[in-house]
Amino acid sequence: MENIHACFRLEWPGFCLDLDLTLPLTGVTALFGPSGSGKTTLLRCIAGLERAPHGRLTVAGEIWQDTRHWVPTYQRPLGYVFQEASLFSHLTVDGNLNYGIRRISTTARVSMEHAIELLGISQLLDRKPDRLSGGERQRVAIARALAVNPRLLLMDEPLAALDLKRKQEILPYLERLHDELKIPVLYVSHSPDEVARLADHLVVMETGRVLADGPLVQTLARLDLPIHLGEDIGTIIETTVGAVDDEWHLMRVDFPGGNLWARDSGVPVGHRVRVRVLARDVSLADRLGHSSIQNVLNGIVDGIGDDQHPGLALVRVKVGEAMLVARLTKRAAASLELQVGKQVWVQVKSVALLE
Amino acid sequence: MPLSDSDLLAIWLSLRLAGTVTLVLLLVGTPIAWWLARTRGWWKGPIGAVVALPLVLPPSVLGFYLLVAMGPSGPIGRLTQSLGLGLLPFTFWGLVVASVIYSLPFMVQPLQTAFEAIGDRPLEVAATLRASPLDAFFTVAVPLALPGFLTASILTFTHTVGEFGVVLMIGGNLAGITRVASVLIYDHVEALEYTEAHRLAALMLIFSFLVLLAVYAWRPNPKKGS
Amino acid sequence: MMKSLFLVLCCLWLAESAAWAEKITVAAAADLKFAMDELVSVFKNANPGAQVDVVYGSSGNFYSQIKEGAPYDLFFSADITYPEQLVTGGLAASDVKPYAFGRIVLWSGSLDASRMTLESLADPKIARIAIANPQHAPYGKRAQEALQAAGLWDKIEPKLVYGENIAQTAQFVESGNAQVGIIALSLAVNPELASKGGYWLIPDKLHQPLKQAYVITKRAENNALARRFAEYMGSKPARTVMIKYGFGLPGEGSGNQGNQGSQTQ
């Protein structure tokens, strides 16, 4: 029963939320979609900040809402990070962190030192919120949400209100959170970058409905419902840095069944890193030739689908355990005699390291 | 210019009345202001209008109705008699009740504005940090609305000190009980004791000015805070 | 459209100004309320076209206002001292003319005041007694004198509440908040109060006479209507009205002896 089952129906003037969703209670689940798609409303319904009249919500088998039950927000064991830090301006950073701690049972209390260290806010404890930068405030807000030792962490676009520099400042903390804490996270975002970097599970929403949901890698590799995460369709590969070539300023990232070369970004050997490969950067060939393209992998065609333009096709290729999607003209697909199960050479023009 | 004993008694009574009314209104006005700031129901309009009525009603209207209502056959009068409290006109507590009604908007409106300025967000945050609504009210809403509480209390206090018409109509002019400073000034004028009237009136003027000066000078910077 | 409206307004304004010469404003003590209304209507019947506005209030207040230039043409005071001070201060255009003696009565809306005497006020069942403020209201001063003369002041003072003027004192009693009041006879005999309860006339031996007087103010020096109204006050019809409303008249003893308690319901 380690999952969330959410079934909500909510009608407001000009907006309707209607979904029935089962989400895993592990890792980071991204709720992705354009603004107005209902992702924040869904998160607020799960937190109990919004009450869908016909709703049902169970978390790890516990009923939080159905026709007869309603657990108010303050009795739900969750943490919530809002888009704006929303720190209590009358309290110091320390006071903000302790606000929730004092309200949970002593047995449930966890040491804050780790969270404070994780988010790098130990120098700020005595300050009032108006003396903090935007990035610092948001880090404190995240630590404050963690302080109540939540069974589920809800984050509503925690980076959206920050400029690019501040985003870059916080993202590493979120990644550490992901890697080091075992708290399941529901993460609302409309930023492809954040989703690609942080999510394990993806829920794509549009106008109050769920378009697709499933594990991130598989969902992004779907051909029946191509998901534009950003400017193009693309897949994600979980890799480990395997080697660094100082002479050519390159690094090799390994994944089960293959490896790719990318520009050296300074990530040390042995570190895990996600890479994204866009469909337009992948081409297919039936024999090896000499080319400027360094990354050539051997794979098996896993699926063929239509792209938006009638002359284009999307071809999914399995390389070891990784999935890649290539975009090519239907004529090219025909001349290569592509079909599911056929062995092909995959040429990858560009690899984006997500960090 | 020394003040006479009766002047001092009246000033002390004014301050005691204003202090009592401020305390009572903090207790009575806060929930009303909170409700008005938070509710979206259609009752908000009518209740808000009733609360604001004393702002526009002449004190004579209030005084007249209060005297009738508190009298032996009025609803308040019957209630207080059945509770064994006797009748309220010509008593200190009668003035308190009248002043609470008369000064109600001066407490409720600044508080309502302060509560509305807080918005929903801090209370939602408090709820996600395990604070029950009542808990969140005392630990988040009240501290954040503290400047509003201060302004409301000062305005209520000053307005009660400056009250005249209602007190005149239901007070009965009893020294130490209902003869407050503003009424005593009137008595001095009526008795052609202009020197005494001047003394007390000037004191009231300076007092009111200083209090308002404090309120305006202490305005917190609205740009601050997150 | 605007033009014709403007013309009409101008005509009205001119008409108003033309009538202005035939207009007076009378400042009258609160105890005259009912008597003066009738006096004015009788006067108007005899003087068609005359406009007489009456403002009622406390005599002390009127005195202060006239000193500061208030637009009153005649001042009917409940206490002769105020008009006297106006004459002394050069603010009057006539001598001080006494027009009546006021009388005070015990009145109640809830008890039968006609069977009371001043001694009844000491009854513990009576918790609140209203009188006008003796500090500045003439009727209040006389009430205090009467209570003192009867040797009751010390006993009764703790029960007293003070009306700002004699009309407010009556209202305290009328609303039941005070069980008994000492008010002007002229108020007790008017239908509004007479229908609610009877009165007991307090013997005038117990207090200084409530000598009431009027003056024409300086600003009405050349106002013919003001003079005519003053003359009318000494006429037979005016005196009849005054007696009807419970005032004693100068040169006729301090009257209305006949109807003590007669208004009992």
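Everything quoted here is computed from the prediction, not taken from an experiment.

As a further point, take the overall build of chain C. A tally of regular secondary structure across chain C gives eleven helices and ten strands. Across the 265 residues in chain C, those meeting the buried criterion constitute 53%.

Next up on the list: the side chain of A:E50. Residue and element names in this part refer to chain A. Residue position: E50 is located in the loop between α1 (39–47) and β4 (54–59). A distance of 2.8 Å separates polar atoms of two side chains, one belonging to E50 and the other to R44. Each residue touching E50, except ones within four places of it in the same chain, is listed here: W12, R44, C45 and W70.

So, on to the nonpolar core. Within soluble globular proteins, side chains that are nonpolar generally end up buried alongside one another. One finds A:F8, B:F115, C:L74, C:F76 and C:F229 to be the most contacted residues of the largest nonpolar core, which totals 160 residues. Considering every element that reaches this core, the biggest residue donor is helix α5 (residues 92–118) of chain B, with 13 residues. If we ignore the near neighbours within four places in the chain, the residues touching C:L74 are C:I24, C:T25, C:V26, C:A27, C:Y214, C:V215, C:I216, C:A226, C:F229 and C:A230. With 37 residues, the next largest nonpolar core counts A:A141, A:M155, A:I183 and A:L198 among its residues.

Right, let's talk about empty space enclosed by the protein for a bit. All names here are of chain C. In this structure the tally under the stated criterion is four cavities of 30 Å³ or more. Lining the largest cavity we find 16 residues, and of these S58, A137, P138, N165 and I166 sit closest to its centre. The set of elements that each furnish at least two residues to the lining of the largest cavity consists of α3 (59–67) and α5 (138–149). Of the residues that constitute the lining of the largest cavity, the class distribution is eight nonpolar, six polar and two charged. Both domains that meet at the lining of the largest cavity, namely domain 1 (14–101 + 210–244) and domain 2 (104–201), each give it at least three residues. Put simply, the second largest cavity is a space of about 40 Å³.

Now for unusual backbone geometry. All names here are of chain A. One non-glycine residue, T207, lies in the positive phi region at around 40°. Tracing the backbone shows T207 in the loop between β9 (201–206) and β10 (209–215). Even without a glycine there, the phi angle at E337 is positive, about 55°. Here E337 shows up in the loop between α8 (330–335) and β19 (343–348).

All names here are of chain C. The domain boundaries assigned to chain C delineate domain 1 (14–101 + 210–244) and domain 2 (104–201). The straight-line distance from the C-alpha centre of domain 1 to that of domain 2 is 28 Å. Listed by partner, the interface residues are ten residues for domain 1 and 15 residues for domain 2. Between domain 1 and domain 2, the buried area comes to about 1,000 Å², and carbon and sulfur atoms account for 64% of it. Looking only at domain 1, the three residues that lose the most surface to domain 2 are D31, F34 and L210, adding up to 52% of its buried area. Applying the counting criterion to the domain 1 and domain 2 interface returns one salt bridge. Measuring nitrogen to oxygen at the nearest pair gives 4.0 Å for the salt bridge that ties K141 to D79. Viewed at the interface, domain 2 and domain 1 are joined by four residue pairs in polar contact (both at pLDDT 80 or more). Its residues placed into classes, the side of domain 1 that touches domain 2 shows five nonpolar, two polar and three charged.

Time to look at the pattern of salt bridges. Inspection of the entire model under this criterion finds 36 salt bridges over all chains. Residue A:D18 pairs with A:R9 through a salt bridge whose shortest N-O separation is 3.0 Å. On the accessibility criterion, A:D18 (27% relative accessible area) is partly exposed. The partly exposed category is assigned to A:R9, whose relative accessible area is 34%. One continuous salt-bridge network, built from bridges that share partners, spans A:R44, A:E50, A:E84, B:R121 and B:E124.

So, on to the sheet that holds strand β10 (residues 210–216) of chain C. Residue and element names in this part refer to chain C. A sheet is described by the order of its strands in space; here five strands give the open sequence β2-β1-β3-β10-β4, paired in mixed fashion. Looking at which strands have only one partner, the edges of the open sheet turn out to be β2 (51–57) and β4 (97–102). Ignoring which end each strand starts from, the neighbouring axes of this sheet average 20° apart. Of the strand pairs in this sheet, strand β1 (residues 23–29) and β2 are connected by seven bridges, and their pairing is parallel. What sits directly across from I24, in β2, is V52. Most of the contacts of helix α4 (residues 81–88) go to strand β3 (residues 74–77), to which it runs at about 140°, and overall it touches β3 and β10.

This brings us to the arrangement of the chains. Ranking the two pairs of chains in contact by contact count places chains A and B at the top. Spatially, chain A and chain C are disjoint, and the shortest separation between their C-alpha atoms is 49 Å.

Okay, the interface of chain A and chain B next. Counting residues at the interface gives 25 residues for chain A and 21 residues for chain B. Approximately 2,000 Å² of surface area, both sides summed, lies buried where chain A meets chain B, with 62% of it carried by carbon and sulfur atoms. Taken together, the connections running from chain A to chain B amount to three salt bridges. One salt bridge in this structure joins A:E84 and B:R121, with 2.5 Å as the shortest N-O distance. Across the contact surface, chain A and chain B share seven residue pairs in polar contact (both at pLDDT 80 or more). Counting residues per element, the ones that place at least two in the side of chain A that touches chain B are β6 (78–81), α2 (93–101) and α4 (134–147) of chain A. For the side of chain A that touches chain B, a count of residues per class yields 13 nonpolar, five polar and seven charged.

Thresholds applied
- Residues numbered from 1 in each chain as written.
- Chains lettered and ligands numbered in written order.
- Predicted model: local features only at pLDDT ≥ 70, side-chain atom pairs only at ≥ 80, totals over all residues.
- Heavy atoms only, no water.
- Helix = DSSP H or I, 4+ residues; strand = E, 2+ residues; numbered from the N terminus.
- Buried < 20%, exposed > 50% of the residue type's maximum accessible area, 1.4 Å probe, protein only.
- Polar contact = N/O pair within 3.5 Å; in protein donor to acceptor, adjacent residues only side chain to side chain.
- Contact = heavy atoms within 4.5 Å.
- Core = buried A, V, L, I, M, F, W, Y, C linked by side-chain atoms within 4.5 Å.
- 1 Å grid on protein atoms, 1.4 Å probe; cavity = no way out; pocket = protein on both sides within 12 Å on 5 of 7 lines; lining within 4 Å.
- Points joined across faces, edges and corners; volume = space filled by probe spheres on them.
- Nonpolar A, V, L, I, M, F, W, Y, C, P; charged D, E, K, R; others polar.
- Domains from an automatic or database assignment.
- Buried area = accessible area lost by both parts, 1.4 Å probe.
- Salt bridge = Lys/Arg side-chain N within 4 Å of Asp/Glu carboxyl O.
- Pairing = 2+ DSSP bridges.
- Axes fitted to C-alpha atoms, helices over the stretch in contact; angles between N-to-C directions.

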